[in-house]
Structure formats: structure tokens, C-alpha cells
Amino acid sequence: MDIDGVQVHAVVRGEGPDLVLIHGSSGSTRDFTFALVERLAPDFRVIVFDRPGLGYTGTIEDPTIERQADLLGKAAAQLGAPKPIVLGQSYGGSVALAWAVNHPDDLSALVTLASPALPWTTGLSTFYKTLSNPILGPITAPLITAWVSRDRVTQGVESVFAPQSAPKGYGDYFGPGLTLRRASLRANAIQRARLLNEIKSLSLRYEAISVPMEIVHGDADTTVGLHIHSRPLAARLDQANLTVLEGVGHMPHHVAEDDIIAAIKRASHRAALH
């Protein structure tokens, strides 16, 4: 679709209440279409977006989480989903939070999975610092794309799933070539480098969220910490229901599908009563 001059790519499946899925860093629609979408399609009209600069969606100037939410909200409305349930995983959850804060009338419920929500103290990795740098980034990105090995890609995928393992076939289906394009590497790094400051600003306004909220987070997630983000957020918002998945890492939508589907159905039920 063309949204304000930006090509936005979506995958749409199923029938029922509208449900938008927003992927995390280095991702694309393929993260959700690997398995989860087919399980949701009997009960929901599922709309999966590529975020700006990733997958097949074009880039935008100043790609903050708030501007990404604006763009995807317009795309959802163009698809006939003016008040969807909005789910985001990891970085996508931060975009979903921005959607709920800035457009509270343009969604019916909010679901976050392993999502950054509150400020943290750990520094940005050298990888992201270098790729997001306006001088070093354009030099480094071609070198990474030219020399990264298949084993390194596999190791990267497995590290995100730890302590679980990636499902069989996920590494190939995910499409490493999409993530390793020079433009996508840079776009992802720039977004990641800016996220902390954006969360600092957004987190001051969470009381503007007016819809039912389901928060799902694994207690073994070492990428986005449960006790830094989801637990204090749930304690702060009366309408937030927190589900903690014991022993689960950063990819609960793959390793705990039943729990995620249950959270989405709770959100849908609560939205109908809201």
C-alpha cells in the first residue's frame, strides 16, 4: 500500500476481529507468518506489517516509534481496521505502546510480548553504535553483508531464542537476506540506537493508555528484562494484566504459542466488554 508516499507491506489472513502484529528488531512479517498467523487466522483477521526500513516496507525520515505507529495505524485503517487489537513483540511492542499512547481511540486492545517499556541502564552495543553512526555506518554495512557467514547467522538466531532453540526450519524461512541488506542493517541500527531516549519520553505518558492491555514476558529473557520493563509497567497501569512465562526467553510467540494465543483472546474478550 501507499501510505503518505511510503510503500507499506502487509500480510492479511483470516476472518474475525482485526488483529495487527508488529515485529521486533531485525525482523519482518516472516517472524509471525512462520507459524503463529495460521493458528490465529481461524479466529481473527490478522494483519502483519513490515516496519519501516525492514522487510518490504520503505524507509521514513526520523523513524521514531511514534512515527512508525502513525504510519502503521494509517495502513491498518486503509485495510479497513480502524480499531484493531495491536500486538507488538520486542521493539514492535514499543511501537505498539506508542500507538496506544498517541492514538488511544484507534485500537481496541493492546498486547505486548517481551517489549521494552521503561528506561534501562545498559549501554548500546558496539555493533549498533558503529552501524548507526552517520560516517562509519555506510562503510561498515557493506563489509558485514559481504562477509557474514551462514554459521554466524545461525548463531545469531539461536542467541535470540535462548534458552530455547529456534523451531526447525525457522532460520531459512525467516529470510536472513532480508535482514542483511545494507539499507535494512542501517535502518535497524538507527532505530535501535534511538530507542532508549524515545522510551524515556514515551514512558512519561503511559497513563494515556485507555484500552485493555495484556503483557506477556518470559522470566528467562536476557534481551529485554522482565523486572526492568513488564513487571513495573503492569504494576503502574490498572488495566494491564501481566502473564509471566516461566523459563521462557525472548521469543515467546514461537516457544509458547498457546500462551500467546490465550493472551490475545483475553484481550479480544476484554475489548468487547470495554
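Our structure is the block above this text.
Predicted, not measured: the structure shown is a model, and the values here were computed from it.

Draft legend 1. Region of the structure containing the pairing of strand β6 (residues 85–89). The element β6 is largely enclosed, with a buried count of 5 among its 5 residues. Both faces of β6 are covered, namely the face carrying Ile 85, Leu 87 and Gln 89 and the face carrying Val 86 and Gly 88. One ladder, built from 4 bridges, connects strand β4 (residues 18–22) with β6; its direction is parallel. Within β6, the position partnered with Leu 21 by the bridge is Leu 87. Bridge count between β6 and strand β7 (residues 109–113): 5 bridges; the pairing is parallel. Counterpart to Gln 89 in the pairing with β7 is Leu 113. The β-α-β motif built from β6, the intervening helix α4 (residues 91–102) and the parallel element β7 has right-handed crossover chirality.

Draft legend 2. Region of the structure containing a nonpolar patch on the surface. Taken together, the side chains of Ile 135, Leu 136, Ile 139 and Leu 143 define a hydrophobic patch exposed on the protein surface, amounting to about 400 Å² of accessible area. Topologically, Ile 135 is positioned in the loop between α5 (126–132) and α6 (136–147). Given a relative accessible area of 61%, Ile 135 falls into the exposed group.

Draft legend 3. Geometry of the sheet that holds strand β5 (residues 45–49). Taken together, 7 strands build an open sheet; the order of strands is β3-β5-β4-β6-β7-β8-β9 and the sheet is mixed. Of all the strands in the sheet, just β3 (10–13) and β9 (240–245) have a single pairing partner and so form its edges. Sheet twist, expressed as the mean angle between neighbouring strand axes with direction ignored, is 15 degrees. Where β3 meets β5, 4 bridges bridge the pair, whose relative direction is antiparallel. The partner of Val 12 across the bridge, within β5, is Ile 47. Contacting β4, β6, β7 and β8 (213–218), α4 crosses the sheet at an angle of about 145 degrees to β6.

Draft legend 4. Structural context of the nonpolar core. Formed by 42 residues in total, the largest nonpolar core has its most connected members in Leu 97, Trp 99, Leu 110, Tyr 206 and Ile 209. At the level of secondary structure, the elements contributing two or more residues to this core comprise β4, β5, α3 (65–78), α4, α10 (182–202), β8 and α11 (230–236). Ranked by the residues each element gives to this core, the list is headed by α4, at 8 residues. Setting aside residues up to four positions removed in sequence, Leu 97 forms contacts with Leu 110, Thr 112, Pro 116, Ala 117, Leu 202, Tyr 206, Ile 209, Met 213 and Leu 233.

Draft legend 5. Local environment of the packing of aromatic side chains. Taken as a whole and judged by the stated rule, the model has 5 aromatic pairs. Geometrically, the ring pair formed by Phe 34 and Tyr 170 is edge-to-face, given 5.4 Å between the ring centres and 80 degrees between the ring planes. Of this pair, Phe 34 sits in the loop between α1 (30–33) and α2 (36–40) while Tyr 170 sits in helix α8 (residues 170–174), placing them 136 residues apart in sequence. When the centroid spacing of 5.5 Å and the interplanar angle of 65 degrees are considered together, the rings of Phe 34 and Tyr 173 count as edge-to-face. Of this pair, Phe 34 sits in the loop between α1 and α2 while Tyr 173 sits in helix α8, and the two are 139 residues apart along the sequence. A relative accessible area of 34% places Tyr 173 in the partly exposed class. Among the aromatic side chains, those forming a connected cluster through ring pairs are Phe 34, Phe 161, Tyr 170, Tyr 173 and Phe 174.

What counts and how
- Residues numbered from 1 in each chain as written.
- Predicted model: local features only at pLDDT ≥ 70, side-chain atom pairs only at ≥ 80, totals over all residues.
- Heavy atoms only, no water.
- Buried < 20%, exposed > 50% of the residue type's maximum accessible area, 1.4 Å probe, protein only.
- Helix = DSSP H or I, 4+ residues; strand = E, 2+ residues; numbered from the N terminus.
- Pairing = 2+ DSSP bridges.
- Right-handed = clockwise from strand over helix to strand, strands pointing away.
- Patch = residues over 30% accessible without salt bridge, like charges linked within 9 Å, V, L, I, M, F, W, Y side chains within 5 Å.
- Areas by Shrake-Rupley, 256 points an atom, 1.4 Å probe, with all protein chains shown as cover.
- Salt bridge = Lys/Arg side-chain N within 4 Å of Asp/Glu carboxyl O.
- Axes fitted to C-alpha atoms, helices over the stretch in contact; angles between N-to-C directions.
- Contact = heavy atoms within 4.5 Å.
- Core = buried A, V, L, I, M, F, W, Y, C linked by side-chain atoms within 4.5 Å.
- Phe/Tyr/Trp six-rings, centres within 6.5 Å; stacked < 30°, edge-to-face > 60°.

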